[in-house]
Amino acid sequence: MRICLMGFGAVGQGVAKVISLKNDYLKEHYGLELKLVAVTDSSGAAISQDGLDPDLLLKIKSETGKVSNYPEAGIENIDGINVLDKVEYDTMVEVTPTNIQNGEPAKSLTIKAINDKKDVVTSNKGHLALFFRELIELSHQNGVEFKYEASVGGAMPILNFAQETLPGNEIKSILGILNGTTNFILSRMTIEGSSYEQTLQEAQQLGIAETDPTQDVEGIDAACKTVILANSILGIDCTLKDVQVTGISRITSEAIDLAKKEGYLIKLMAEVSPDSLDVSPRLVKQDSPYAVDGTLNMATLKTDLADEVTVVGLGAGSVETASAILSDLINIWKSQK
Amino acid sequence: MRLNMVIELLDVPGQLLAALEPIGTLGANLVTVIHQREIKTERGLIPVQITIEGDTETLDLVMNKLNELGFRVIEVDGNILKETINTILIGNIVDRDVKDTMDQINQLKGVRVADLSLKMSEEPLHSSARITVEADFGKKKDVLAKIQNIGKSKDFLVISEV
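Residues numbered from 1 in each chain as written. Chains lettered and ligands numbered in written order. Predicted model: local features only at pLDDT ≥ 70, side-chain atom pairs only at ≥ 80, totals over all residues.

Quick notes on the pairing of strand S13 (residues 308-314) of chain A
Taken together, the seven bridges between strand S12 (residues 296-303) of chain A and S13(A) define a ladder with antiparallel strand orientation. By the bridge assignment, Thr300(A) is partnered in S13(A) with Thr310(A). (Pairing = 2+ DSSP bridges. Helix = DSSP H or I, 4+ residues; strand = E, 2+ residues; numbered from the N terminus.)

Looking at the sheet that holds strand S2 (residues 29-35) of chain B
All names here are of chain B. Here we have five strands laid out as an open sheet, ordered S2-S3-S1-S4-S5, and antiparallel in their pairing. With one partner strand each, in any of the chains shown, S2 and strand S5 (79-80) form the two edges of the open sheet. Where S2 lies against strand S3 (residues 46-53), six bridges are found, and the strand directions are antiparallel. Within S3, the residue paired with Leu-30 across the bridge is Ile-52.

Focus: the environment of Arg43(B)
Looking at the secondary structure, you find Arg43(B) in the loop between S2 and S3. In the structure, Arg43(B) is positioned 16 residues away from Gly27(B) in sequence and 31 Å away in space, judged by C-alpha atoms.

Some points on helix H1 (residues 10-30) of chain A
Because an α-helix completes one turn every 3.6 residues, residues spaced three or four positions apart along the sequence face the same direction. All names here are of chain A. In the structure, H1 departs most strongly from a straight axis at Lys-22, where the bend amounts to approximately 60 degrees. Every buried residue of H1 is listed here: Val-11, Gly-12, Gln-13, Gly-14, Val-15, Ala-16, Val-18, Ile-19 and Leu-26. Those residues of H1 that are buried lie in contact with strand S1 (2-6), strand S2 (35-41), helix H2 (54-64), strand S5 (91-94) and helix H12 (318-336). Two residues or fewer past H1, Gly-31 is found with a positive phi of approximately 65 degrees. (Bend = angle between axes of the 7 residues up to and from the residue. Buried ≥ 20, exposed ≤ 12 C-beta atoms within 10 Å, placed from the backbone. Contact = placed C-beta atoms within 7 Å.)

A look at the domain arrangement of chain B
Residues and elements named next belong to chain B. Entries for chain B in the domain assignment read domain 1 (2-80) and domain 2 (82-160). Taking the mean C-alpha position of each, domain 1 and domain 2 sit 33 Å from one another. Grouping the constituent residues of the side of domain 1 that touches domain 2 by class yields two nonpolar, one polar and one charged. (Domains from an automatic or database assignment. Nonpolar A, V, L, I, M, F, W, Y, C, P; charged D, E, K, R; others polar.)

This is how it looks when you write it as structure tokens:
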């Protein structure tokens, strides 16, 4: 399978690592060979129809910061759209940064790849949260696969889990923790009794929260994932503006303390049901499935036959997110054999 | 001794039988069962009226067993059982009239504020309060809506139970 990897940040590099680690395993078990024919970042691209070496890509990126420095195959300042025209490929893996204003560049790249009859795997949330229906319909019209397991919950299996492991069940609602950064902050505040500001700083120093933490702490990231779950699992036609969002920046250590005394924790919960699309801080029982700590994500699916089913997993991380991308790639490969 | 109760059941086959089974096994007499599938409780379950007969000890055993099996008894001898609802508010709790906040909740029928814990923050705008409300079964939605409303008008962050 020839792959165009669009974006070479943490997740993109995770994909290269996973390809390097798993190549022999995939050949042996699935007869699948993942060949990187193009990789892009903000500097440009590296393109080779014969395949790029994932280890060399990682080395060049860490040493020079630019994939365009790849020997012979590097091209500076080339636009992602042009890269897709320059090389023959089967699947685009799109891992550019999430943009919740207009979903770009993910949206244009995805539309182009789908119109060119290529399969697409993404970890991006922006274009899905804004144009879900449009993109899915386009993929159906073109008869290509469009998969996005990595966009919700990182390594935590949920989309493929609901669709492939629980088929036949009607999923009535989902309640979960869909953002690792806020879960880390709230968990630390609970354990340490520290203030919100102090804990946010700690999270930033650890690289768990971004310099501009708005998308995480104000619940926007979790809201994007709420939209993706609502559309793909519950079939609710909605976009980001339909989600009621309250973040965690007003939470105090005093409030956490009051909760604790009654056996509760405060968690940023996402609720996905036909009656409610909501992201807000909620009280959960200390011994409930919602009481997961650190950067973990979790989701409880309420179903008609299997009752409640809960999944837990790491919500972020480079190789962890890449594992979800790999499962999409393998599923596409298996479905086409 | 006779005891009338209402218990909530899921609308799936076998539930009623599972709830009735311990009554006979523990030696109580089943007098009546009224099972109307078209009526639903607030939680979307079916209320089933059951009358049983037996000595106090046996009736206690039955009630405990039903609890243990996860069946929720919502009414005993005409008294609606209460449920506890906890919420936490963050904001300028004291200056925005605590008494009025409580009064507004207490005005709901079958609802009363049972406990209020306040924790002042260094910054008075961010004090916290935990309000524990005791409400008749079926009132939870009203209570939460009321508290959300108060939160909106007084600019409190309302943190309610999942």
